[in-house]
Amino acid sequence: MLRIGKFGFINNFLAYYKLEKEGKYEIVKADPKALAELFEKNYVDYAPVPSYYYLKKKPKRHKFCVASNGEVYSVIVISKGKKLGEKIAATSKSMTSVNMLRIIVKERGLKSEVVQVSGSYREILKDYESALLIGDEAIKARMVYRVAMDLGEEWKDLTGLPAVFGVAVSNGAGEKIDEDVLNSVRWGRENIDVVVEEASKKFRLPEEFLETYFEALIHEMGRKEERGLREYEELCKAHGLL
Ligand SMILES: C=C(O[C@@H]1C=C(C(=O)O)C=C[C@H]1O)C(=O)O
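From a predicted model like this one, the values you see are computed outputs, not experimental measurements.

**Focus on the sheet that holds strand S7 (residues 113-117)**
One open sheet accounts for five strands, arranged S7-S6-S8-S5-S9; its pairing is mixed. Every interior strand has two partners, whereas the edge strands, S7 and strand S9 (146-150), have only one. The mean inter-strand angle of the sheet, taken between neighbouring strand axes irrespective of direction, is 30°. Pairing analysis gives five bridges linking strand S5 (residues 75-79) to strand S8 (residues 130-134), with the strands arranged antiparallel. Bridged to Ile78 within S8 is Ala131. Helix-sheet contacts for helix H4 (residues 96-107) involve S5, strand S6 (87-91), S7, S8 and S9, and the interaxial angle to S7 is about 170°. Docked against the sheet, helix H6 (residues 135-142) engages S5, S8 and S9, running at close to 130° with respect to S8.

**Brief notes about the site of the ligand**
As a matter of local geometry, the ligand sits amid 17 residues, with Ser74, Ser94, Met95, Thr96 and Ser97 nearest to it. Contact distances for the ligand include 2.8 Å between an oxygen atom and a side-chain N or O atom of Ser94. Taking Thr96, its main chain carries an N or O atom lying 2.7 Å from an oxygen atom of the ligand. Among the detected pockets, the ligand sits in the largest cavity. Among the residues forming the shell around the ligand, the class breakdown is 11 nonpolar, six polar and no charged. Here the shell around the ligand spans two domains, and each of domain 1 (3-68 + 163-223 + 233-238) and domain 2 (75-159) adds at least three residues to it.

**Remarks on the side chain of Asp150**
Of note, Asp150 is situated in strand S9. Buried charge Asp150 goes without a salt bridge, the closest partner of opposite sign being Arg142 at 4.5 Å. A distance of 3.1 Å separates a polar atom in the side chain of Asp150 from the backbone nitrogen of Val72. Other than its neighbours up to four places away in sequence, Asp150 contacts Gly70, Glu71, Val72, Tyr73, Val75, Ile76 and Arg142.

**Looking at the side chain of Ser200**
Here Ser200 shows up in helix H9 (residues 192-203). Setting aside residues up to four positions removed in sequence, Ser200 forms contacts with Leu205, Pro206, Glu207 and Leu210.

**Quick word on the domain arrangement of the protein chain**
Once the domains are mapped, the protein chain shows domain 1 (3-68 + 163-223 + 233-238) and domain 2 (75-159). Placing a centre on the C-alpha atoms of domain 1 and another on those of domain 2 gives a separation of 22 Å. Contacts between domain 1 and domain 2 engage 21 residues on the former and 21 residues on the latter. For the pair domain 1 and domain 2, the summed buried area comes to about 1700 Å², and 77% of that belongs to carbon and sulfur atoms. Ranking the residues of domain 1 by area buried against domain 2 places Lys33, Phe165 and Leu235 at the top, with a combined share of 33%. Counting across the interface, domain 1 meets domain 2 through zero salt bridges. Counting the contacts that link domain 1 with domain 2 gives five residue pairs in polar contact (both at pLDDT 80 or more). Taken together, the elements giving at least two residues each to the side of domain 1 that touches domain 2 come down to helix H2 (32-40), helix H3 (51-57), strand S10 (163-170), helix H10 (207-216) and helix H11 (223-238). Class assignment for the residues of the side of domain 1 that touches domain 2 results in 16 nonpolar, three polar and two charged.

**Observations regarding the packing of H9 against H10**
Their axes nearest at 9 Å, the elements H9 and H10 cross at an angle of 125°. If you check the angle between H9 and H10, you find them oblique. Pair H9 / H10 crosses with right-handed handedness. On H10, the residues that touch Ile192, Val195, Val196, Glu197, Ala199 and Ser200 of H9 are Glu207, Leu210, Glu211, Phe214 and Glu215. Classifying every residue of the contact of H9 with H10 by side-chain character gives six nonpolar, one polar and four charged.

Calculation notes
Residues numbered from 1 in each chain as written. Predicted model: local features only at pLDDT ≥ 70, side-chain atom pairs only at ≥ 80, totals over all residues. Heavy atoms only, no water. Pairing = 2+ DSSP bridges. Helix = DSSP H or I, 4+ residues; strand = E, 2+ residues; numbered from the N terminus. Axes fitted to C-alpha atoms, helices over the stretch in contact; angles between N-to-C directions. Contact = heavy atoms within 4.5 Å. Near = heavy atom within 4 Å. Polar contact = N/O pair within 3.5 Å; in protein donor to acceptor, adjacent residues only side chain to side chain. 1 Å grid on protein atoms, 1.4 Å probe; cavity = no way out; pocket = protein on both sides within 12 Å on 5 of 7 lines; lining within 4 Å. Sits in = over half its atoms within 2 Å of the grid points. Nonpolar A, V, L, I, M, F, W, Y, C, P; charged D, E, K, R; others polar. Domains from an automatic or database assignment. Buried < 20%, exposed > 50% of the residue type's maximum accessible area, 1.4 Å probe, protein only. Lys, Arg positive; Asp, Glu negative; His and termini not counted. Salt bridge = Lys/Arg side-chain N within 4 Å of Asp/Glu carboxyl O. Buried area = accessible area lost by both parts, 1.4 Å probe. Parallel < 35°, antiparallel > 145°, perpendicular 65-115°, else oblique. Left-handed = near helix turned anticlockwise from the far one by under 90°.

Encoded structure:
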């Protein structure tokens, strides 16, 4: 059975809902950085990985992605106080957004330094005023702390383009898998009420939030997303990050 990766976040819940029920693939869940490592070791045949990893290694890329054209809700800088801290502690689970934040900070002339740290967000917030969080931790934290930045929104303001956080890659034979994932995405969109109800029970989050969230996520690379990814590559290079 082919083994495929899944971001172990709510951001992949809608996309993989139908696919997981069908049981055609063995699905391996991990955070974005860990999934890139599993792909690197050839443990998975196909997986979404951080866009930054893709740009570094350029394996075969497919159409499934995790992107947003504006607010994304789950890639955010939260702050305990009113101001950004001198240092923004970025979760070690991220590869794309930590570099995206470095670009935004420089382009906006902000003074904060972005440092990458490990640990849960509660641990991080013991030592730092501000933190870049992704995925479910970001969603939990945003219910409690002030959202200082939404990276999807910041990226759109800065470039006028979508932010592409993750893209699907394969060891070469991913065409059919990608087609199955995108069919599952379409099923999820057409049956969003079912997906939202299930997700709300599973993650104990309000249906209203989940609906807004799932609608904000883009899961198929189109022309705008291609341009957004290219712009990210160019700005990474311009800032010495790639
Ligand atoms: C949209 C998100 O973006 C994620 C952020 C990533 C990163 O920063 O490397 C990689 C993949 C995405 O899953 C999220 O975490 O919810």
